[in-house]
Amino acid sequence: MTTSPSDLKFPLKGYTETLPQGDHPGAFAYRRKNHIHEGIDLYAAKGALVHAINDGVIIAIYQFTGEAVGMPWWEDTYAMAVADDTGIWVYGEIQNPHCYKVGDRVTKGHYIAQLKQVLKVDKGRPMTMLHLERWKPYTAPHTFLWQLDQPQPDFLLDPTPLLLEIK
């Protein structure tokens, strides 16, 4: 059974901002200095609670940004990949979710993480955000950069249309 958008929950309760689209630096597929943006950034306060979009199973928890993964210009943050019947949602730029482990089930609408400030340098935009990626089902979780001048990876889906439907 496939979940319809009306069955999903937006990941940040009370989010009132316009979703980044087009030439916004937080938009999906926005061309940045060193790569193409693989997700959508939902700006919120440091420590904001992230909620599960759908019922699912945690398939990975890993360091997402920071020196250990070759991105010293960003703070150390983590990502949680959750598989559900729509595919895989990657909730990035969160604090290390110590209370969860791979294999745990999450429930739609329940708290699963807290946001952590990711930017080290103030660029005049919010420094804390939920970086949200959407992947096709059965994709192996990993950190990757969508390289400049390369086509969109086959497994990567634009989360924007679905987020617009559930917002």
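One can find the structure itself at the top, above this paragraph.
Scoring rules and cut-offs
Residues numbered from 1 in each chain as written. Predicted model: local features only at pLDDT ≥ 70, side-chain atom pairs only at ≥ 80, totals over all residues. Heavy atoms only, no water. Helix = DSSP H or I, 4+ residues; strand = E, 2+ residues; numbered from the N terminus. Rg over C-alpha atoms; globule rule 2.2 N^0.38 Å. Buried < 20%, exposed > 50% of the residue type's maximum accessible area, 1.4 Å probe, protein only. Contact = heavy atoms within 4.5 Å. Pairing = 2+ DSSP bridges. Core = buried A, V, L, I, M, F, W, Y, C linked by side-chain atoms within 4.5 Å. Phe/Tyr/Trp six-rings, centres within 6.5 Å; stacked < 30°, edge-to-face > 60°. Salt bridge = Lys/Arg side-chain N within 4 Å of Asp/Glu carboxyl O.

Caption draft 1: Quick peek at the overall build of the protein. Each helix and strand in the protein was counted, giving one helix and nine strands. Its helices and strands in sequence order give the protein the pattern β-β-β-β-β-β-β-β-β-α, from N to C terminus. The C-alpha radius of gyration of the protein comes to 15 Å, within 12% of the 15 Å expected for a compact globule of 167 residues. Judged by the C-alpha coordinates and their principal axes, the protein covers about 40 × 35 × 30 Å. For the protein, buried positions account for 48% of its 167 residues.

Caption draft 2: View of the environment of K101. Summarising the element assignment, K101 is placed in the loop between β5 (87–94) and β6 (105–106). Overall, the relative accessible area of 53% leaves K101 in the exposed class. Residues K101 and I58 lie 43 residues apart in sequence; the distance between their C-alpha atoms is 7.1 Å. Excluding anything up to four places from it in sequence, K101 contacts I58 and I61.

Caption draft 3: Quick look at the pairing of strand β4 (residues 77–84). For β4, a buried count of six out of eight residues is recorded, marking the element as mostly surrounded by other parts of the structure. Of the strand pairs in this sheet, strand β3 (residues 56–65) and β4 are connected by seven bridges, and their pairing is antiparallel. Residue I58 lies in a different strand from β4, and its bridge partner there is V82. Linkage of β4 to β5, two consecutive antiparallel strands, is achieved through a turn of two residues.

Caption draft 4: Looking closely at the nonpolar core. One finds L42, V50, Y91, L130 and L132 to be the most contacted residues of the largest nonpolar core, which totals 26 residues. Elements with a minimum of two residues in this core: β1 (40–43), β4, β5, β7 (111–114), β8 (129–135) and α1 (160–166). Judged by nonpolar contacts, the second largest core, of 14 residues, contains F64, A79, F144 and W146.

Caption draft 5: Highlighting the packing of aromatic side chains. A full pass over the atoms with the stated rule returns five aromatic pairs. Aromatic pair F28 and W146: ring centres 5.8 Å apart, planes at 45 degrees, arrangement tilted. Residue F28 is located in the segment before β1, and its partner W146 is located in the loop between β8 and β9 (156–157); the two are separated by 118 residues in the primary sequence. Judged by relative accessible area, W146 falls into the buried class, the value being 6%. On the numbers, 6.4 Å between centres and 55 degrees between planes, the contact of Y62 with F64 is tilted. Given a relative accessible area of 14%, Y62 falls into the buried group. On the basis of relative accessibility, which here comes to 9%, the residue F64 falls in the buried class.

Caption draft 6: Quick look at the pattern of salt bridges. The full count for this structure, using the stated rule, is three salt bridges. The salt bridge partner of R32 is D41, with a shortest N-O separation of 3.1 Å. With its nearest N and O atoms 3.0 Å apart, the salt bridge here joins D104 to K101. Overall, the relative accessible area of 18% leaves D104 in the buried class.

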